[in-house]
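Coordinate analysis (summary)
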Amino acid sequence: MASPTPAQFRAVHGDMDRWQAVDFEVYEHLVENQYVVHPWPRPEPGDRLPPRQGPDPATGLGPPPD
């Protein structure tokens, strides 16, 4: 299930002056998550994902170079 947008949360929970502390915490996270920028594009439905690569056996760090 997808998280509600901040606007949907406000519509369900009414006026902010009646909110409890937990409502503000949840709302804050919804607003923050709305502006998360990923360094990579999200795959579209039907896209083929690249094969997973394990860490470099020599160093144990990151995928091996191509």
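First, a word on what this report is: a plain description of the structure on this page.

About the thresholds
- Residues numbered from 1 in each chain as written.
- Predicted model: local features only at pLDDT ≥ 70, side-chain atom pairs only at ≥ 80, totals over all residues.
- Heavy atoms only, no water.
- Helix = DSSP H or I, 4+ residues; strand = E, 2+ residues; numbered from the N terminus.
- Buried < 20%, exposed > 50% of the residue type's maximum accessible area, 1.4 Å probe, protein only.
- Contact = heavy atoms within 4.5 Å.
- Areas by Shrake-Rupley, 256 points an atom, 1.4 Å probe, with all protein chains shown as cover.
- Axes fitted to C-alpha atoms, helices over the stretch in contact; angles between N-to-C directions.
- Parallel < 35°, antiparallel > 145°, perpendicular 65-115°, else oblique.
- Expected span 1.5 Å × (residues − 1).
- Phe/Tyr/Trp six-rings, centres within 6.5 Å; stacked < 30°, edge-to-face > 60°.
- Lys, Arg positive; Asp, Glu negative; His and termini not counted.
- Salt bridge = Lys/Arg side-chain N within 4 Å of Asp/Glu carboxyl O.

Now for the overall build of the protein. Within the protein, the secondary structure is distributed over two helices and zero strands. Scored against the burial criterion, the 66 residues of the protein give a buried share of 11%. Pairs at least 24 residues apart make up 18% of the contacts formed inside the protein by residues separated by at least 6 positions. Summed over all atoms, the accessible surface of the protein reaches about 6,300 Å², with 57% contributed by carbon and sulfur.

Our focus in this paragraph is the packing of helix α1 (residues 6-13) against helix α2 (residues 21-34). For the pair α1 and α2, the least separation of the axes is 9 Å and the interaxial angle reads 160°. In terms of axis orientation, α1 runs roughly antiparallel to α2. In this structure, α1 contributes P6, F9, R10 and H13 to the contact, and α2 contributes D23, V26, Y27, L30, V31 and Q34.

Taking 1.5 Å of rise per residue, the 14 residues of α2 would be expected to cover 20 Å, and the 20 Å separating its terminal C-alpha atoms lies within 8% of that figure. Lining the buried residues of α2 we find α1.

It is worth spelling out the packing of aromatic side chains at this point. In total, this model carries four aromatic pairs according to the counting rule given. Seen in terms of ring centroids, F9 and W19 are 5.4 Å apart; in terms of plane orientation they differ by 85°. Their pairing is edge-to-face. Remark: W19 occurs in the loop between α1 and α2 and F9 occurs in helix α1; sequence separation between them is 10 residues. A network of ring pairs unites the aromatic residues F9, W19, F24 and Y27 as a single cluster.

By secondary structure assignment, the location of D23 is in helix α2. Lacking a salt bridge, the buried D23 has R18 as its closest oppositely charged neighbour, with an N-O distance of 10 Å. Contact partners of D23, with chain neighbours within four places excluded, come to F9 and H13.

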